[in-house]
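# Examination of the molecular architecture
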Amino acid sequence: MLRLVLTILWPSFLVAIIAEGCFFSLFEPRELFLLIGRPELPPLAVYTIGFFFFWLFCSLASTLTYYLVNLPNDGRPPL
């Protein structure tokens, strides 16, 4: 079970790092608040929330990939 969790979480963690770097190199946290009109949070809080959002999204994508790769064979030959 631990191996399954690490197989999903580790690659998604690495991709979330890259995604956050790309996203926040284009958008400043203060500029995002101007667009959504919410109360301002410190930039570090925005970076943290953004990282966990990207990590969650990438974890869901990794879980879906793992599920699709491990579907049982229904008797059809592979493509």
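Residues numbered from 1 in each chain as written. Predicted model: local features only at pLDDT ≥ 70, side-chain atom pairs only at ≥ 80, totals over all residues. Heavy atoms only, no water.

## Section: the packing of helix α2 (residues 29-36) against helix α3 (residues 43-69)
Two elements in contact, α2 and α3, have axes whose closest approach is 9 Å; the angle formed by their N-to-C orientations is 80 degrees. In terms of orientation, α2 lies roughly perpendicular with respect to α3. On α3, the residues touching P29, R30 and F33 of α2 are P43, V46 and Y47. Of the residues belonging to the contact of α2 with α3, the class tally is 5 nonpolar, no polar and 1 charged. (Axes fitted to C-alpha atoms, helices over the stretch in contact; angles between N-to-C directions. Helix = DSSP H or I, 4+ residues; strand = E, 2+ residues; numbered from the N terminus. Parallel < 35°, antiparallel > 145°, perpendicular 65-115°, else oblique. Contact = heavy atoms within 4.5 Å. Nonpolar A, V, L, I, M, F, W, Y, C, P; charged D, E, K, R; others polar.)

## With respect to the pattern of salt bridges
All told, the structure shown has 1 salt bridge when counted by the stated rule. A salt bridge links E28 to R30; the shortest N-O distance between them is 3.3 Å. Taking relative accessible area as the criterion, R30 reaches 46% and is therefore assigned partly exposed. (Salt bridge = Lys/Arg side-chain N within 4 Å of Asp/Glu carboxyl O. Buried < 20%, exposed > 50% of the residue type's maximum accessible area, 1.4 Å probe, protein only.)

## Description of the packing of aromatic side chains
One pass over the full model with this rule turns up 11 aromatic pairs. Taking the centre distance of 5.2 Å and the plane angle of 70 degrees together, the rings of F13 and W55 count as edge-to-face. In this pair, F13 sits in helix α1 (residues 2-26) while W55 sits in helix α3, placing the two residues 42 residues apart along the sequence. Ring plane angle 85 degrees and centroid distance 4.9 Å describe the contact between F24 and Y47, whose orientation is recorded as edge-to-face. With F24 in helix α1 and Y47 in helix α3, the pair connects residues that are 23 residues apart, well separated along the chain. Under the relative-accessibility criterion, F24 is labelled buried at 15%. (Phe/Tyr/Trp six-rings, centres within 6.5 Å; stacked < 30°, edge-to-face > 60°.)

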